[in-house]
Amino acid sequence: MGRNEWVVSIQLDSGVGVDLIMYSLPQKNKSSLNGAGPFPPRLMVWMSNTQSEEDIGLIARLFSMSEKGIFPARFLFCIITISMFLLILSSVFLLQFGNTSLLPRSVFKLLLVNGTVYLRSNVQNELKLPFFSSESSQVDAQTPVKNGDFTCHKPNYGKKMCIYRQPNMYSCDADQALLRVYMYDLPSEFHFGLLGWKGKPNQVWPEINDSNRIPVYPGGLNLQHSMEYWLTLDLLSSNMPSVVRPCAAIRVLNSSQADIIFVPFFASLSYNRHSKLRGKEKVSVNKLLQDKLVKFLTEQNEWKRFGGKDHLIVAHHPNSMLDARGKLGSAMFVLADFGRYPAEIANIEKDVIAPYRHVVKTISSADSAPFEKRPILVFFQGAIYRKDGGTIRQELYYLLKDEKDVHFAFGTIQGNGVNQAGHGMASSKFCLNIAGDTPSSNRLFDAIVSHCVPVIISDEIELPFEDVIDYSEICVFVRGSDAVKKGYLLNLLRGITKDRWTKMWENLKETVRHYQYQYPSQPCDAVDMIWEAVARKVSSVRLRIHRANRYRRLERIK
């Protein structure tokens, strides 16, 4: 303490506060201020190093003045508290009853896609909200619906799988749809002509009002890559009032109104049917079609406008579009995985992973066997000797083939192979999905529709809709390096309790519909989910386009 300093400590009984005042005075002997000066009631003051009564009176007057300001301070505190309460209350009210906003829905529609906000004018439908895999960030958009409307229910295990949206009962308006899609009228040789369909002169598309007249996609393993077919049918039907379908995507006839440009090339079918030379052919039909497609697209104003960044191409078969993918790599691809693509051509940032179309029969929930009625612990049936990352299948075969409750055998689709595989999966607790020539296969989706808990042993696999589906709720993941350790895999699976397995089994039954391809599409089926996945990429497409435009206008001025 300095030579000319004294300290006054103040304590108010009311608890309003404690003030510390420093007042410069010469040092003197200690004395007490008790009873000195006009101090307010319940104010106790202790002071050390006092000098004179004049100084004491000065301090007393200062304290008296400060005490008089207590009541205005309390009044302001009450006003501020009440104001904050009303502000919080009004905010909660707006969030809770946002669907009855003071602004008419005909003025604004709020679209939240991939975390980015867009406003569109002249909209009459409900708000469309994003969905997230984590419960903490989940946005719940349950809204009342009319009789006859369909909605995507929220699974019991807390993950919203798709947007709550009613299907189109009469017509799907461009402002109501989640995604506006412009589709090229490519010649039939690129799509339904590959199925043997021949239309009338100048007829590009088949009549799809009558399901009996729609060209049928070939069966067998061809079906597993057939999403190009289902997406095209869905777009063609989007303007037909007679077709009841979700209003996820709608075809628009003006490309300037579109969020995405769809290229209706059945690339997987072209590879499966026409990649080999026939007769005197020097160039395969598959390669010729790819060359034609590249020439067509690169000449279109729609492609030139943004360098193809807003185009959508389905190339689900790992070997489809082999000749064209490098030239059209700026587009968004719908793929099975990235196993045979360089990262600069295909990656999770710009492309969409779609599920295979399963080939085994879907087991209904009522017919699904519970834990105690599935005698097989682990099931795998398929090609065992594979190249690249698939060599792990051979290692696991020698580790597991002699275990009593394990079915690990070679199998094909020939004969009754598909039915045998389906029956085996439906009788098993766990089904192995092991990397083969590529990281993924339709075996995963065969397991899901059989309600057999998938065990994924594929370190490079990409899973469809993983931004909205938490696969750890329905699958077991095992690193390849761990799976080949003797005893590791079986000890892990045998350690999973009946209760835990049953929970995963229940979750599987809820998610089956997300992997079903059908026409017309249904809410939250594979087609609906793919369109939603594309919609979530639109904001990143716009980001790429806008970044590329930074200096483009300046260059035009020059």
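Criteria and cut-off values
Residues numbered from 1 in each chain as written. Predicted model: local features only at pLDDT ≥ 70, side-chain atom pairs only at ≥ 80, totals over all residues. Heavy atoms only, no water. Helix = DSSP H or I, 4+ residues; strand = E, 2+ residues; numbered from the N terminus. Buried < 20%, exposed > 50% of the residue type's maximum accessible area, 1.4 Å probe, protein only. Contact = heavy atoms within 4.5 Å. Areas by Shrake-Rupley, 256 points an atom, 1.4 Å probe, with all protein chains shown as cover. Disulfide = S-S within 2.5 Å. Salt bridge = Lys/Arg side-chain N within 4 Å of Asp/Glu carboxyl O. Axes fitted to C-alpha atoms, helices over the stretch in contact; angles between N-to-C directions. Parallel < 35°, antiparallel > 145°, perpendicular 65-115°, else oblique. Nonpolar A, V, L, I, M, F, W, Y, C, P; charged D, E, K, R; others polar. Phe/Tyr/Trp six-rings, centres within 6.5 Å; stacked < 30°, edge-to-face > 60°. Core = buried A, V, L, I, M, F, W, Y, C linked by side-chain atoms within 4.5 Å.

## Examining the overall build of the chain
What the chain contains, in helices and strands, is 14 helices and 18 strands. Buried positions account for 48% of the 558 residues belonging to the chain. Considering only contacts within the chain whose residues lie at least 6 apart along the sequence, 64% involve residues at least 24 apart. Accessible surface for the chain amounts to roughly 28700 Å². Of this, 54% is attributable to carbon and sulfur atoms.

## Describing the state of the cysteines
The full count for this structure, using the stated rule, is one disulfide. Each sulfur in the disulfide pair Cys 431 and Cys 452 lies 2.1 Å from the other. Its S-S torsion of about 110 degrees marks the bond between Cys 431 and Cys 452 as right-handed, since a negative value means left-handed. Of this pair, Cys 431 sits in strand E16 (residues 428-434) while Cys 452 sits in the loop between helix H9 (443-449) and strand E17 (453-457); the two residues are 21 residues apart in sequence, bridging distant segments of the chain. Across the pair, Cys 452 and Cys 431 agree in class, each one buried.

## Here we look at the pattern of salt bridges
For the structure shown, the criterion picks out 16 salt bridges. The partner of Arg 180 in a salt bridge is Asp 259, and the shortest N-O contact between them spans 3.5 Å. Here the residue Arg 180 occupies a position in strand E7 (residues 179-183), and Asp 259 occupies one in the loop between strand E9 (249-251) and strand E10 (260-263), the gap between them amounting to 79 residues. A single burial state applies to Arg 180 and to Asp 259, both of which are buried. In this structure, the salt-bridge partner of Lys 498 is Glu 372, at a minimum N-O distance of 3.4 Å. Of this pair, Lys 498 sits in helix H12 (residues 498-511) while Glu 372 sits in the loop between strand E13 (352-353) and strand E14 (376-382), and the two are 126 residues apart along the sequence. You can call Lys 498 partly exposed: its relative accessible area is 43%. Ionic contacts of the salt-bridge type, sharing partners, join the residues Arg 180, Asp 259 and Arg 542 into one network.

## Brief notes about helix H8 (residues 417-426)
Among the residues of H8, those classed as buried are Gly 417, Ala 421, Gly 422, Gly 424, Met 425 and Ala 426. On its buried face, H8 sits against E14, E16 and H9.

## Let's talk about the packing of helix H3 (residues 227-237) against helix H13 (residues 526-548)
Any two packed helices are characterised by how steeply their axes cross, that is the angle between the axes, and by the distance between the axes. Between H3 and H13, whose axes approach to 10 Å, the crossing angle comes to 85 degrees. When the interaxial angle is binned, H3 and H13 end up roughly perpendicular. From H3, Met 227, Trp 230, Leu 231, Asp 234 and Leu 235 reach across to H13, where they touch Val 527, Ile 530 and Trp 531. Partitioning the contact of H3 with H13 into residue classes produces seven nonpolar, no polar and one charged.

## Details of the packing of aromatic side chains
For the structure shown, the criterion picks out 18 aromatic pairs. Ring geometry for Phe 190 and Phe 265: centres 5.8 Å apart, planes at 80 degrees, overall edge-to-face. A residue pair is termed long-range when its members are at least 10 positions apart, and Phe 190 in the loop between E7 and H3 and Phe 265 in the loop between E10 and helix H4 (267-274) qualify at 75 residues. Take Phe 190: its relative accessible area is 4%, and that puts it in the buried class. With a centroid separation of 5.3 Å and an interplanar angle of 70 degrees, the aromatic rings of Phe 192 and Phe 266 are classed as edge-to-face. Residue Phe 192 is located in the loop between E7 and H3, and its partner Phe 266 is located in the loop between E10 and H4; the two are separated by 74 residues in the primary sequence. Just as Phe 192 is buried, Phe 266 falls in that class too.

## Points about H3
Within an α-helix, residues lying three or four positions from one another point in the same direction, as the helix has 3.6 residues per turn. Here H3 lies mainly inside the structure; eleven of its eleven residues are buried. Restricting attention to buried positions, one finds in H3 the residues Met 227, Glu 228, Tyr 229, Trp 230, Leu 231, Thr 232, Leu 233, Asp 234, Leu 235, Leu 236 and Ser 237.

## Some details on the nonpolar core
In this structure, Leu 432 and Trp 531 are the most contacted members of the largest nonpolar core, which totals 116 residues. Among the elements that take part in this core, H13 stands out by supplying eleven residues, more than any other. If sequence neighbours within four positions are ignored, Trp 531 has contacts with Leu 179, Val 181, Leu 231, Asp 234, Leu 235, Ala 248, Ala 249, Phe 262 and Leu 312. In this structure, Phe 379, Met 425, Ala 447 and Cys 452 belong to the second largest nonpolar core, which totals five residues.

## Quick word on the side chain of Lys 509
Examined against the element boundaries, Lys 509 turns out to sit in helix H12. A residue is classified by how much of its surface remains accessible, and Lys 509, at 17% relative accessible area, is buried. Contacts of Lys 509, omitting those with residues within four sequence positions, involve Ser 365, Ser 368 and His 451.

Just geometry here; none of it tells us what the structure is for.
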